Structures are given as C-alpha cells and as structure tokens.
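# Structure assessment
One-letter residues, chain by chain:
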Amino acid sequence: MTVAERTSLHRIAVVDDEEDVVRVLERRLVRAGYEVQRVIPQTPDLSAVLAEIMGGSDACLCDHDLRGGHQVDFSGAEVVAALTENHFPSVLFTGVLSAERYVIRRNMARIPAFLPRDELDPTRIARALAESVAEVREGRRAPRRRGRRTPVTIVNLRVTGTESLVEGLVAGWPGSEPVGIPADLLADPWRSEPANAVGRTFFATINLGESDPDHLYFEDFESEPAQTDELLTPE
Amino acid sequence: MPPGTENIHAVVLDVGHGNAAVFIDGDEALVVDAGAGDLVTDTLERYGVSDVAALVISHRHHDHTSELPALLSNPDIRIKKLFLNADPSRQPSSAFETQLRGALNDSIRRNGTQYQQANVTLGEEMGTENLSVEVLSPTAELCLAGVGSPTDAGGVLHAHALAVVLRVGVDGGRSMVMGADLDHHGLRGLIEDTDVDLKADVLVYPHHGGLAGVGTERGEEELAKELTAAVDPEAVIVSNGRERYANPRREIVRGVRKARTVPPIRLVCTQLSKECLAEVVRDDRRLDETLSSLGAETGASCSGSIRVDLVGEGPLLPKGAQHLEFVIDTVGGSALCVNAELVVNESSVD
C-alpha cells in the first residue's frame, strides 16, 4: 500500500516559488503514489491562490518563502493559515527559519503541521498530512499542538525593523529562555503600547507540550493582567 | 472489590527528570507534583476527569512545580484544594513565583480553590472518597528546624529534607509511597521512626534515583537498601530523565535490589538511563498507548508513563510485562533493572 493510499489523500498541491523545488518534491510524491498539482504563485491575490489549491487538490504542501521573483506579497504561513480556516489540510515547510520565525509565529496556531525542508521525505510528509487532517477536519490536535491557558510574563520589548516583539517567560514550558512574540498578538490596549506590557503577567493559550520554541503558538492573550501582588483570600 | 472502586489507579508520568503522578478515583483525581510539560492536564483529559480533589506539591523546585500554574489556570479543570510545601529558600520575586500567584488568584476567583502553604498537613484533608492519604514526612522535628537550619554534621537543612512524602492507598487494596526528593536527613528520620509504617506495594523512589546526600557510595547504597526494605514494595518506580543526569545511580539500584532478592523487586524507570543505553531507541511498542510520555517522541522513554492498579486481582503494573520484554530485547542483561552482576559482584553492602 502506498503512502497516498494509507492517508486517503490522493492529489497534493505543491506550492513554491522555485520550480526546481517543486519538481524535486513532485518526483518524490509521485513515487509515493500521489498525484501532484504544481502551484507557483504569481499574483498578489491570496484568495485566487487559495481557490486554485482547494479546487485542484485534496491537501497542500507549501513553502514559507513565496516572494522570489513574482508579485507575491504573502507568505506560505499565511497561505497555510488561510487554508486551515477553510478546513483544508496543509503542511508548511521552510529551509531558513531565522528571519521569518515571527511571521510564522503569528500564524502558528493555524499551521497544523510544519516540516524543515531537509525532512521532506514521503513518510514524514504523510505523517504531517495525517496530523493536519486530524486537526483541521476532525478537530483533534496532536498532543504537542494542544493549547493550554497559562501565565506569560513579558520581560522585554524588542523592535527589529518594522517588527515589534515582546519577549515572554511562559509558565509550564520546559525552556527557561524568554520566547519572542509578535506584539500584535497581545490584546488591546497592550498591542498598541507594548512597552507598557513589560513587567506584567498575562494569561494566554500556548501549546505547552511542544519542545521546539519555534513551534510554539500564542493565542487568546487576555487584556486584564493577572493579579500577582498578593493572594486573594479564599471565600 | 467494593462497589465504586473499579476505576482506582495511579499514573506515574514520564516528565523526564521530575515528578508528577495522577491518582484517579472515578470522576475525581488526586495529583502529586506537577513536573515539566502538560502531562497532568493531558492525563486528566484522557480520563475525562475535571475535578481535582487535592493537588499536593512536595517541595517548590521546578521539576515538581512546572505545570502547576497552567493547571491552576485551566478553565476546564477545577482544583478544590492545593497543598503547597512552604519553602523559605524560594525567591518570591522570581517570574515563576509571580506567575504562580497570578494563577492561584485566578483559580481562587473561578473555582474557590482552597490553598494551604505548610510542610505538615493532615493527610485526611488530601484524600478522595476511596483514596486515603498519609503524610509520612517531614517529621515535626524537621519542620520545627526548617530549611536553612544547621545540622549536626555542620551543614544546613536543604528543601529536600522537608519534602512532603505521602502514602496513598485504597482500603483493602494497594498503596504507594511517593518519595518526592527526600534527602538523607529526612530518609533517616523516616526509617528510624518506629511509629511510621512505610509498607506499600509501590515505592516511587526519592530524588529520581539520584543521590540523597549521604556523602559516600557505600552510605547511599545502605540508605537505599534500608528504605526499600522498610517499604518492602513489589515495585520501585524511578521518575528519571536522560538529559542532565545518569539516574538512577548504580549504588541506589544496588541498594534497592539487595533489599529483597526473593521475590525480586521489580524496578521500573520512566526514561532510559544513560547507564543502561547510551543512545535512545525509537520504538513505541513498549509504551502504554493510552498515556502520553515526555520521552516518547525522542525515544527517551523506558517504561514511559506507567499505570499502577490500586484495586483488583490483576497485575500491579498492567503494562509491566511489555516494558520488561523491551528491556530484555533492547538493552539486554546489562540493564540496571535486570543485571545480576550489579548485585553480586559490585555490591559493597552485605
């Protein structure tokens, strides 16, 4: 039984701005029993790209960097996030994370599966697609994707280019280093004045079971800081 | 089996180097410690349990408290009582303590959580309908001395000396001693207190099978042997991790295994000790598929999270046989838990 037969996904849209990458992935996926739809975005119209993918395939494998050489102003993370909102299974992959990790973080709650480019073999792709199907169609997140409400203490504000990042210590996450969070994920009024959030503790929903800091997502930041000065008297 | 006791068991969670255990009593739970990750939450979800009758934190070190703020903050979990070991050596201004206060206030506001910050609490307050709890340690003497007070040997009492050790059991069923990180001061007091009955079916070994601070290899082995003999368990569970430490220590394992040779004490480690195998093994067949384990994804688990049945005539460890099969097939006779030469040739305590 081929990987394609096992996952009941037959036609995969491979989305990338580099034709060479698309060709390599196509060869691998065809050998594993899939049909492939090549999608090389050349328009700034995200909805047109989404329609092309959802109209032509059962699932999508999408590179994060889509901006090379064409009039494209959206990222693969945004494509996958939009597909997730449409309950369409997809997997994001990328070769270089460093410069784009906060663009990805902003969308990570809606990126059901993520693979480094050097791990794009059919077995891993099939596993990632299966996780994506479970999350977007059946509402079952993998254990490391399950969100937990927990306190986050904002310890720093960093501005790099046009990006404002707050750094937060996450209660319950095994890593001891602060994690960079796009400031626009904070709730109002903190998102517009993120410097005022430094030193405060907020509740947010985070996938605490994830060990890789680049795969953490942050959503549902609450606007009221946690009451931390003294303990309330139990009723 | 008395009516209503069919679904009473414990899960010792693979949280790496740390401790977390969930006792399930029907639709209620007792939680003892909350180490790294979100496995206590995951376990409660898996059993469909949202009411935690009591959550006990043995001492305020991160490998026992990490998940606590998230548990208190979870809108789907109602923690009725929280027993926090007082520890004056902690830093109240640290980010974690600040987060803990925020989460506890939130839980008090939403659920009316009652909390008590103390070393000694009556075990009766921690139990559920069918689970009885006894606080075995710290002793009143150690509590009166307190963390940081001088010892006879010229040192000072560490927070581990005042870690809360519990025996949790079912009347007419099985019981477990939860050893926390109790060090040699506490262990010596516990073993020598003739009023305390330590007998239990399972000993969750103190301090992840690491050193108790005795100072000599021979002394560590002797203490491990005395403790294990006093508990006289069917199984000893070590909640260990691979990343920083090579636990359980050989001298501890020697002491445990020498405490009783017939029938032999079953030794189970949640993660593969580096002493047993240098590399991890990616093979999920050894794991209980109904539970999550921190070491599952990397292959670091040995037993992984393991269930202990506290009632019934079935095996104490329902997945114990498949774990032992894995150890014998994969690690072989050099595994600490089965290595005969460890007890015979390396022994320093007769």
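Here the residue numbering is sequential within each chain, running from 1 through the sequence in written order. Each chain gets a letter, beginning with A, and each ligand a number, beginning with 1, in the order they are written. With the structure being a predicted model, the display of local features is reserved for residues of pLDDT at least 70 and the display and counting of side-chain atom pairs for 80 or more, all residues being used for whole-chain, interface and lining totals.

### So, the interface of chain A and chain B
Filter applied, for reference: By the criterion used throughout, residues are in contact when their C-beta atoms, derived from the backbone, lie within 7 Å. Where helices and strands are cited, they refer to DSSP runs of H or I of at least four residues and of E of at least two residues respectively, numbered from the N terminus. Polar here means any residue other than Ala, Val, Leu, Ile, Met, Phe, Trp, Tyr, Cys and Pro, which are nonpolar, and Asp, Glu, Lys and Arg, which are charged; Gly is therefore polar.
With 21 residues of chain A at the interface, the matching set in chain B holds 29 residues. Among the secondary structure elements, those contributing two or more residues to the side of chain A that touches chain B are strand 6 (148-160) and strand 9 (201-206) of chain A. Here the residues of the side of chain A that touches chain B are counted per class, giving 11 nonpolar, 7 polar and 3 charged.

### A look at unusual backbone geometry
The general pattern is negative phi for most residues beyond glycine and trans for most peptide bonds. Residues and elements named next belong to chain B. The omega angle of the peptide bond from Ser137 to Pro138 is 10 degrees, so this bond is cis rather than trans. Looking at where Pro138 falls in the secondary structure, it is placed in the loop between strand 8 (131-137) and helix 5 (140-145). The amide bond that connects Asn247 to the next residue, Pro248, takes the cis arrangement and shows omega of 0 degrees. With respect to the helices and strands, Pro248 occurs in the loop between strand 12 (235-238) and helix 8 (250-259).

### Notes on the pairing of strand 3 (residues 59-63) of chain A
All names here are of chain A. Here is the rule we go by: The exposure label follows from counting other C-beta atoms within 10 Å of a residue's C-beta, where the C-beta atoms are placed from the backbone and the thresholds are 20 or more for buried and 12 or fewer for exposed, leaving partly exposed in between. Pairing between strands requires that DSSP locate at least two bridges from one strand to the other.
Burial analysis of strand 3 places 5 of its 5 residues in the buried class, which makes it a mostly covered element. On strand 3, burial covers both faces: Ala59, Leu61 and Asp63 on one face and Cys60 and Cys62 on the other are all buried. For strand 1 (residues 11-15) and strand 3, the ladder comprises 4 bridges, and the chain directions are parallel. From the neighbouring strand, Ala13 faces strand 3, where its bridge partner is Cys60. Sheet topology note: the strand 3/strand 4 (residues 90-94) ladder contains 4 bridges and is parallel. Bridge pairing in strand 4 places Cys60 opposite Ser90.

### Remarks on the environment of Asp73 of chain A
Residues and elements named next belong to chain A. As for its position among the elements, Asp73 is in the loop between strand 3 and helix 4 (76-85). Take Asp73: there are 12 C-beta atoms within 10 Å of it, and that puts it in the exposed class. Measuring from C-alpha to C-alpha, the distance between Asp73 and Ala113 comes to 22 Å, with 40 residues separating the pair along the chain.

### Comments concerning the pairing of strand 3 (residues 28-34) of chain B
Residues and elements named next belong to chain B. Among the 7 residues in strand 3, 6 count as buried, and that is most of the element. Inspection of the sheet shows strand 2 (residues 20-25) paired to strand 3 by 6 bridges, in the antiparallel sense. Opposite Phe23, over in strand 3, you have Leu30 as the bridge partner. Remark: 2 residues form the turn of the hairpin made by strand 2 and strand 3, two consecutive strands paired antiparallel; Gly26 in that turn has positive phi of roughly 60 degrees. Judged from the 5 bridges that link them, strand 3 and strand 4 (residues 51-57) form a sheet pairing that is parallel.

### Comments concerning the domain arrangement of chain A
Quoted interface sizes are often the accessible area lost when the parts come together. All names here are of chain A. The condition is simple: These domain boundaries are the output of an automatic or database domain assignment.
Once the domains are mapped, chain A shows domain 1 (3-140) and domain 2 (145-219). Computed over C-alpha atoms, the centres of domain 1 and domain 2 are 26 Å apart. Each partner contributes to the interface: domain 1 provides 9 residues, whereas domain 2 provides 12 residues. Of the residues forming the side of domain 1 that touches domain 2, the biggest block, 4 residues, is contributed by helix 5 (residues 101-107). When the residues that make up the side of domain 1 that touches domain 2 are grouped by side-chain class, the tally is 5 nonpolar, no polar and 4 charged.

### Side note on the confidence of the model for chain A
The following threshold applies: Known as pLDDT, the predictor's per-residue confidence is scaled from 0 to 100.
Confidence along chain A averages 90 in pLDDT terms, with 94% of residues attaining 70 or more. Mean pLDDT values over the elements of chain A span from 60, in helix 1 (residues 3-7) of chain A, up to 98, in strand 9 of chain A.

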